[in-house]
Amino acid sequence: MLALRNVTKSYGSITALSGVSLNIGPGEFFGLLGPNGAGKSTLMSLVSGLRTPDSGSIELAGQPVTGSSFSVRRNLGLVPQTIALFPELTAEENLRIFGGLQGLRGNLLKAALDDAFSAAQLDDRRHSLVKTFSGGMQRRLNLVAALLHRPKLLLCDEPTVGVDPQSRNAIFEHLQHLNRTGVTIIYSTHYMEEAERLCSRIGIIDHGSILALGTLDDLLTRLPFEDEITFPVTALTAPLAVELASAGEIIAVDGTHRFRPRPGYPLSVFFALTESLGLPPRLFVNQRPTLEALFLHLTGRKLRDV
Ligand SMILES: Nc1ncnc2c1ncn2[C@@H]1O[C@H](COP(=O)(O)OP(=O)(O)OP(=O)(O)O)[C@@H](O)[C@H]1O
Ligand SMILES: [Mg+2]
């Protein structure tokens with residue numbers, strides 16, 4: 001459905017995307033996971049035709065996006081990272097403008113507006129000024145504004161930033177519903193929990209390059225360890241450190257230690273050891289490896305605060 005080949009984009013001396021190749025099939029819910037400045041919004045703006053790549057190609061349903069006609073881009077909706085609404089107009093006046101830009105008139109526009117307000121759960125606020133909306137309500141309106149013309153591909157650029165949990169769930173459910181009805185979604189985020197929960201395939205992006213690509217399970221098998229036991233720094237007594245030195249790797253993250261056993265090391269040995277040292281079992285938590293751990297492994301940095 002969407003094919004990027006060797007796409008590069010710079011802003012002056014800053015390379016925002018570097019040789020990105022990516023194929024997205026119809027019906028996918030694709031996650032683009034990366035920290036601030038990774039290149040997520042740049043990729044969205046190139047795919048939506050708002051910007052032009054310096055080199056490489058982008059095709060939507062076999063047609064080039066760059067310099068394309070409205071007929072190519074009308075299959076696509078973009079939910080921008082920055083809320084793009086007119087605060088001094090009512091919600092309905094805003095959607096009428098977006099619907100008009102998407103080529104809707106008359107009964108088609110009316111039906112699209114009704115559907116949009118119902119999906120955004122904002123029926124009772126149609127005639128309120130957008131500036132009176134909460135952040136979450138504005139995000140919900142920003143989302144449906146991109147959907148009035150029923151695009152086949154929806155690009156969502158960090159659509160839950162600054163949103164309360166209730167609106168966040170409403171947005172997730174709306175997107176999952178759209179995806180079930182056949183809409184292909186590309187969803188950018190720096191929250192690994194969102195990518196894990198929503199996306200059938202995930203690309204990890206950093207410094208303008210896709211570092212890893214696959215389903216959650218595919219990605220997690222790239223980690224060279226299967227278990228990760230977190231425990232407080234104070235629990236790492238000298239005898240434990242000596243014993244664990246040959247059993248795997250210990251790293252310090254967020255004021256805790258994490259023990260990653262080498263493949264084949266039996267965890268029963270670890271737990272017998274801690275017990276013999278009189279350390280309470282509740283101090284040691286075995287976590288499933290996460291995308292956070294993969295990002296750390298691939299880049300040496302954490303996803304959140306870079
Ligand atoms: N208009 C611009 N002019 C100059 N540099 C830009 C511009 N837009 C983005 N950049 C730079 O390009 C790189 C990628 O930015 P981009 O906005 O695509 O990242 P992002 O992954 O969306 O980040 P965030 O999570 O903060 O939204 C960054 O180094 C950024 O500073
Ligand atoms: Mg961005």
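Owing to the predicted nature of the structure, the values given are computational and were not obtained by experimental measurement.

*Asks:* Explain the site of ligand 1 here, please?
*Replies:* Around ligand 1 sit 14 residues, and of these Gly37, Lys40, Thr42, Gln81 and Glu158 come closest. Within the contact set of ligand 1, an oxygen atom lies 2.8 Å away from a side-chain nitrogen or oxygen of Ser41. Between ligand 1 and the protein, one listed contact pairs an oxygen atom with a side-chain N or O atom of Glu158 at 2.8 Å. Contact with the protein chains removes 65% of the 640 Å² of surface that ligand 1 exposes when unbound. Elements represented by at least two residues in the shell around ligand 1 include exactly strand E2 (14-24) and helix H1 (40-47). Sorting elements by how many residues they give to the shell around ligand 1 places H1 first, with three residues.

*Asks:* How should I be thinking about a nonpolar patch on the surface in this particular structure?
*Replies:* Where nonpolar side chains cluster on the molecular surface, the patch consists of Phe86, Ile97 and Leu101 and spans about 290 Å² of accessible area. Within the secondary structure, Phe86 is located in the loop between strand E6 (76-79) and helix H3 (91-101).

*Asks:* Before we go on, may I ask you to explain the pattern of salt bridges in this structure?
*Replies:* Oppositely charged side chains are able to pair whenever their charged atoms sit close together. All chains considered together, the criterion is met by 13 salt bridges. A salt bridge links Glu158 to Lys40; the nearest nitrogen and oxygen atoms lie 3.6 Å apart. With Glu158 in the loop between strand E7 (153-157) and helix H6 (165-180) and Lys40 in helix H1, the pair connects residues that are 118 residues apart, well separated along the chain. Using a relative accessible area of 4% as the deciding quantity, one classes Lys40 as buried. Across the salt bridge formed by Arg301 and Asp206, the nearest N and O atoms sit 2.3 Å from each other. Residue Arg301 is located in the segment after helix H11 (291-299), and its partner Asp206 is located in strand E9 (residues 201-206); the two are separated by 95 residues in the primary sequence. When its relative accessible area of 24% is taken as the criterion, Arg301 is described as partly exposed.

*Asks:* Would you mind showing me how to read the sheet that holds strand E5 (residues 63-64) here?
*Replies:* Within a beta sheet, neighbouring strands are joined by backbone hydrogen bonds and run either parallel or antiparallel to one another. Pairing is antiparallel in the open sheet, where four strands are placed in the order E2-E1-E4-E5. Each edge of the open sheet carries a strand with a single partner, namely E2 and E5. Sheet analysis places strand E4 (residues 55-60) next to E5, joined by two bridges and oriented antiparallel. Across the sheet, residue Glu59 finds its bridge partner in E5, namely Pro64. Against the sheet, H1 makes contact with strand E1 (2-11), E2 and E4, and its axis sits at roughly 120° relative to E1, the strand it touches most.

*Asks:* Sorry if this is basic, but what is going on with the environment of Tyr191 here?
*Replies:* With respect to the element layout, Tyr191 can be found in the loop between strand E8 (184-189) and helix H7 (192-198). The exposure class of Tyr191 is partly exposed, given its relative accessible area of 22%. Discounting chain neighbours no more than four positions away, the residues touching Tyr191 are Leu33, Thr160 and Arg168.

*Asks:* Help me understand the coordination of the magnesium ion (ligand 2) in this model?
*Replies:* Around a metal, the perfect tetrahedron of four donors has angles of 109.5 degrees, and the perfect octahedron of six donors has angles of 90 or 180 degrees. Looking at the magnesium ion (ligand 2), one finds its protein donor set to be Ser41 (OG) and Gln81 (OE1), positioned 2.0 Å from the metal centre. On the criterion of sequence distance, the pair formed by Ser41 in helix H1 and Gln81 in the loop between E6 and H3 is long-range, its members being 40 residues apart. Take Ser41: its relative accessible area is 30%, and that puts it in the partly exposed class. Assessed through its relative accessible area of 31%, Gln81 is described here as partly exposed.

*Asks:* Teacher, can you tell me more about the pairing of E7 here?
*Replies:* Side-chain direction in a regular strand flips from residue to residue, so the side chains alternate between the two faces of the sheet. In terms of burial, E7 is a largely internal element, five of the five residues being buried. The side-chain alternation of E7 yields two buried faces, one formed by Leu153, Leu155 and Asp157 and the other by Leu154 and Cys156. Sheet analysis places E6 next to E7, joined by four bridges and oriented parallel. By the bridge assignment, Leu76 is partnered in E7 with Leu153. The pairing of E7 with E8 spans five bridges and is parallel. Bridge assignment links Leu155 to a residue of E8, and that residue is Ile186. Taken together, E7, H6 and E8 form a β-α-β motif whose crossover is right-handed.

*Asks:* I keep staring at the domain arrangement of the protein and nothing clicks. Help me out?
*Replies:* Where interface size is quoted, it is often the accessible area lost as the parts come together. With domains assigned, the protein is organised as domain 1 (2-220) and domain 2 (228-288). When each unit is reduced to the centre of its C-alpha atoms, the spacing between domain 1 and domain 2 is 42 Å.

*Asks:* Explain the packing of H3 against helix H4 (residues 106-119) here, please?
*Replies:* A packed helix pair is summarised by two numbers, namely the angle formed by the two axes and the spacing between the axes. Taken N-terminus to C-terminus, the directions of H3 and H4 make an angle of 130°; their axes are 10 Å apart at the nearest point. Taken together, the axis directions place H3 and H4 in an arrangement best described as oblique. As for how H3 packs across H4, the hand of that crossing is right-handed. Judged by residue contacts, Ala91, Glu92, Leu95, Arg96 and Gly99 of H3 engage Leu109, Leu113, Ala116 and Phe117 from H4. By residue class, the composition of the contact of H3 with H4 is six nonpolar, one polar and two charged.

Scoring rules and cut-offs
- Residues numbered from 1 in each chain as written.
- Chains lettered and ligands numbered in written order.
- Predicted model: local features only at pLDDT ≥ 70, side-chain atom pairs only at ≥ 80, totals over all residues.
- Heavy atoms only, no water.
- Near = heavy atom within 4 Å.
- Polar contact = N/O pair within 3.5 Å; in protein donor to acceptor, adjacent residues only side chain to side chain.
- Areas by Shrake-Rupley, 256 points an atom, 1.4 Å probe, with all protein chains shown as cover.
- Helix = DSSP H or I, 4+ residues; strand = E, 2+ residues; numbered from the N terminus.
- Patch = residues over 30% accessible without salt bridge, like charges linked within 9 Å, V, L, I, M, F, W, Y side chains within 5 Å.
- Salt bridge = Lys/Arg side-chain N within 4 Å of Asp/Glu carboxyl O.
- Buried < 20%, exposed > 50% of the residue type's maximum accessible area, 1.4 Å probe, protein only.
- Pairing = 2+ DSSP bridges.
- Contact = heavy atoms within 4.5 Å.
- Axes fitted to C-alpha atoms, helices over the stretch in contact; angles between N-to-C directions.
- Donors = N, O, S within 2.8 Å, 3.2 Å for Na, K, Ca; no water.
- Right-handed = clockwise from strand over helix to strand, strands pointing away.
- Domains from an automatic or database assignment.
- Parallel < 35°, antiparallel > 145°, perpendicular 65-115°, else oblique.
- Left-handed = near helix turned anticlockwise from the far one by under 90°.
- Nonpolar A, V, L, I, M, F, W, Y, C, P; charged D, E, K, R; others polar.

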